[in-house]
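# A look at the structure
Chain by chain, the residues run as shown.
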Amino acid sequence: MSVTVLLIMAVALLAMLISWIVLYPVRYYARELGLLDRPGGHSSHTVPTPLGGGIGIYCGIAGTLLFGLFAAWLLQDPQRAESLRESVGGWVPANYWAAAVLHAPGVWLRSTDVFCLLGASTVLLILGLWDDRKGLSVIVRLGVQFAMAAAVVLGLGIELTAYLHVGWMTKLLSVIWIVAVINSFNMLDNMDALSGGIAAIIATSMSVVMMTTFDPETGRPQLLVAGLLLVVAGSLLGFLFHNRPPAKIFMGDGGSYLVGFLIAVAMLMATFVGGPSDDGTLRPHAVLAPLCVMVVPLYDMISVLWIRIREGRSPFLGDHSHLSHRLVDLGLSRTAAVATIHLITATCGLSAILLTHVTLLQAITVLGIVGCMLTLVAILESTRGRGSKP
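For the rest of this paragraph, the subject is the overall build of the chain. A tally of regular secondary structure across the chain gives 16 helices and 2 strands. Rg of the C-alpha trace for the chain: 21 Å, near the compact-globule value of 21 Å for 390 residues, within the 12% margin. Once the C-alpha set of the chain is aligned to its principal axes, its extents read approximately 80 × 55 × 40 Å. When each of the 390 residues of the chain is scored for burial, the buried share is 48%. Nonlocal contacts in the chain, meaning residues at least 24 apart in sequence, comprise 72% of its contacts between residues at least 6 apart. Just so you have it, the chain exposes about 18300 Å², and 69% of that area is on carbon and sulfur atoms.

Moving on, we come to the side chain of Gln145. Structurally, the position occupied by Gln145 is in helix H7 (residues 138–156). When its relative accessible area of 0% is taken as the criterion, Gln145 is described as buried. Of the polar contacts made by the side chain of Gln145, one reaches the side chain of Asn183; its length is 2.8 Å. Here Gln145 is in contact with Leu124, Leu127, Val179, Ile182, Asn183 and Tyr257, once residues within four sequence places are set aside.

As a further point, take the environment of Val153. Here Val153 is to be found in helix H7. Taking the C-alpha atoms as reference, Val153 lies 21 Å from Leu223; in sequence the two are 70 residues apart. Apart from residues no more than four positions distant in its own chain, Val153 is found in contact with Ile158, Glu159, Lys171, Ser174, Val175 and Ile178.

To characterise two packed helices, one gives the angle between the axes of the helices and the distance between these axes. Running from N to C, helix H1 (residues 2–28) and helix H5 (residues 94–109) cross one another at 80°; their axes reach a closest spacing of 9 Å. Judged on the interaxial angle alone, H5 and H1 are roughly perpendicular. Touching Val3, Thr4, Leu6 and Leu7 of H1 are Asn95, Tyr96, Ala99, Ala100 and His103, all from H5. Class assignment of the residues belonging to the contact of H1 with H5 gives a composition of 6 nonpolar, 3 polar and no charged.

This part covers the packing of H1 against helix H3 (residues 53–75). Direction vectors running N to C along H1 and H3 enclose 140°, while the axes themselves pass 8 Å from each other. Seen along the crossing, H1 lies across H3 with a hand that is right-handed. Packed against H1, whose contacting residues are Val11, Leu14, Ala15, Ile18, Ser19, Val22, Leu23 and Val26, the element H3 presents Gly53, Ile55, Gly56, Ile57, Cys59, Gly60, Gly63, Thr64 and Phe67 at the interface.

The next point concerns the confidence of the model for the chain. For the chain, the average pLDDT comes to 88, and 91% of its residues sit at 70 or higher. Predicted confidence for residues 386–390 stays below pLDDT 50, and this span has 0 contacts to residues more than four positions away or in other chains.

Over its 23 residues, helix H6 (residues 111–133) extends 33 Å from the first C-alpha to the last, a length consistent with the 33 Å expected when each residue adds 1.5 Å. Just downstream of H6 lies Gly135, where phi reads positive at about 85°.

The next point concerns the nonpolar core. Formed by 107 residues in total, the largest nonpolar core has its most connected members in Trp177, Ile178, Phe185, Ile202, Phe261, Ile263 and Met294. For Met294, the contacting residues outside a window of four places in its chain are Trp177, Val181, Ser184, Phe185, Ile202 and Met267. The next biggest cluster of nonpolar side chains, apart from the first, holds 5 residues, and it includes Ala72, Leu75, Trp97 and Ala104.

Moving on, we come to the packing of aromatic side chains. In this description, a pair of aromatic rings is defined by centroid distance and the angle of the planes. Per the stated rule, a full pass over the model turns up 4 aromatic pairs. Ring centres of Trp20 and Tyr24 lie 5.9 Å apart, and the angle between their planes is 70°; this geometry places the pair in the edge-to-face category. Here the residue Trp20 and the residue Tyr24 both occupy positions in helix H1, the gap between them amounting to 4 residues, near one helical turn. Judged by relative accessible area, Tyr24 falls into the partly exposed class, the value being 38%. For the ring pair Phe70 and Trp73, a centre distance of 6.0 Å and an interplane angle of 25° mean the geometry is stacked.

A few words now on a nonpolar patch on the surface. Among the surface-exposed residues, Leu13, Leu17, Trp20, Ile21, Tyr24 and Phe241 lie close enough to one another that they form a single nonpolar patch of about 540 Å² accessible area. At 5 residues, H1 tops the list of elements feeding residues into the nonpolar patch. The residue Phe241 is located in helix H10 (residues 223–243) in this model.

Calculation rules
All chains use their own residue numbering, which begins from 1 and follows the written sequence. Given that the model is predicted, a residue must reach a pLDDT of at least 70 before its local features are reported, and side-chain atom pairs must reach 80 or more before they are shown or counted; all residues, however, enter totals for whole chains, interfaces and linings. Derived side-chain values reflect all non-hydrogen atoms in the structure, with water molecules and hydrogen atoms excluded from consideration. Helix and strand definitions follow DSSP, with helices as H or I runs of at least four residues and strands as E runs of at least two, each counted in order from the N terminus. Only C-alpha atoms enter the radius of gyration; for comparison, a globular chain is expected to reach 2.2 Å times N to the power 0.38, where N is the number of residues. The rule is simple: take the accessible area with a 1.4 Å probe, protein chains only, and divide by the maximum for that residue type; under 20% is buried, over 50% is exposed, in between is partly exposed. Contact definition: two residues touch when any of their heavy atoms are within 4.5 Å. All accessible areas in this document rest on Shrake-Rupley with a 1.4 Å probe, and a residue is counted as covered only by the protein chains that are shown. N or O atoms closer than or at 3.5 Å make up a polar contact, with two conditions inside protein: a donor-capable atom paired with an acceptor-capable one, and, for residues adjacent in sequence, both atoms drawn from side chains. The angle between two axes is taken between their N-to-C directions and runs from 0 to 180 degrees, where each axis is a line fitted to C-alpha atoms and a helix contributes only its stretch in contact. Roughly parallel means an angle under 35 degrees; roughly antiparallel, over 145; roughly perpendicular, 65 to 115; everything else is oblique. Lys, Arg, Asp and Glu make up the charged group, whereas Ala, Val, Leu, Ile, Met, Phe, Trp, Tyr, Cys and Pro make up the nonpolar group; the residues left over, Gly among them, are polar. The handedness criterion is simple: a crossing whose near helix is rotated anticlockwise from the far helix by less than a right angle is left-handed, and one whose near helix is rotated clockwise is right-handed. Confidence of the predictor at the level of single residues is captured by pLDDT, which takes values from 0 to 100. For a helix, the expected span equals 1.5 Å multiplied by the number of residues minus one. For this analysis, a nonpolar core means a set of buried residues of the types Ala, Val, Leu, Ile, Met, Phe, Trp, Tyr and Cys, connected via side-chain atoms within 4.5 Å. Between 30 and 60 degrees the pair is tilted, below 30 it is stacked and above 60 it is edge-to-face, where a pair is any two Phe, Tyr or Trp rings, Trp via its six-membered ring, whose centres lie within 6.5 Å. A patch is a set of surface residues, each over 30% in relative accessible area and not in a salt bridge, joined within 9 Å for like charges and within 5 Å for the nonpolar side chains Val, Leu, Ile, Met, Phe, Trp and Tyr. In what follows, salt bridge is the name for a side-chain nitrogen of Lys or Arg lying within 4 Å of a carboxyl oxygen of Asp or Glu.

Shown next as structure tokens:
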């Protein structure tokens, strides 16, 4: 198992390197590509900044997944694998080679799903890049997002179960979940390293959940989903090297649509039954792990929409009412606000990991801690502006 985990981490490292390298030319040619975010409007930066971060993230994810599928195709055939082993010689340790050969058939078996996910991801990347360049109406953006979400749910059968047995309802909730997660990450992309850092923390946390819980049908850890999430996290780390304050490039709509889509779909691909127990009892409350780890993006999205609607403004027009901006209004620096949100997200991620390995009573305690933390944030936010009152 440890060897397999190291292989997955090596693949994530490859995604990070590809993303990191690709973003250098993207930064250089951003102006020619028309991917430049100029100061003004609801933007808070003061210098023109490239918007093509999604291109590097996509190349890191797609390049790594395609390399993995090609390796799985080579290794799934025993004779071809043995011939390749002889040509490679002693470059790969025997235990790592054995682990790769062992998992190759299973990876290739899901190749159709991976190709389809990459196809939908490509569409969303192009949608976001076009929105970054020219701007698109809300109807077009949401229409394409709902179409890609429905294609995955209906075409691949990747959908929420949550112990519900109403086919149309689970499909509808699955589509709504994907679109909600896509837009939650898009709305979070308002400060340097914020959205990318949160997405990396969430993807890493959920990959740990996948590697420490078992699929009841196979009795094995969910390594494919864990690998997909770590590839996303690795590619995001490569992007964050360029996006750390002061950011040299932004994620843009292309990156946020892509990352939100893959994280949302990965959570639907997973089976949440909790970690192994002595009596073999399943833990239904483990199905709340995705909601637990996604608390910060969903809280930000819901609170921002509520503020805009309450003030009579369009919920689809950007502004400075996000959680990060509200923390800055409380007196935090932008860097401190981003770090605070990262820490809250990490706490929720650790809670999600714990949630899949505890009893029902302990799970209620874990969820109570997360709820108290969010309530504390809301109380602190309610003090905004009181000091300025006479």
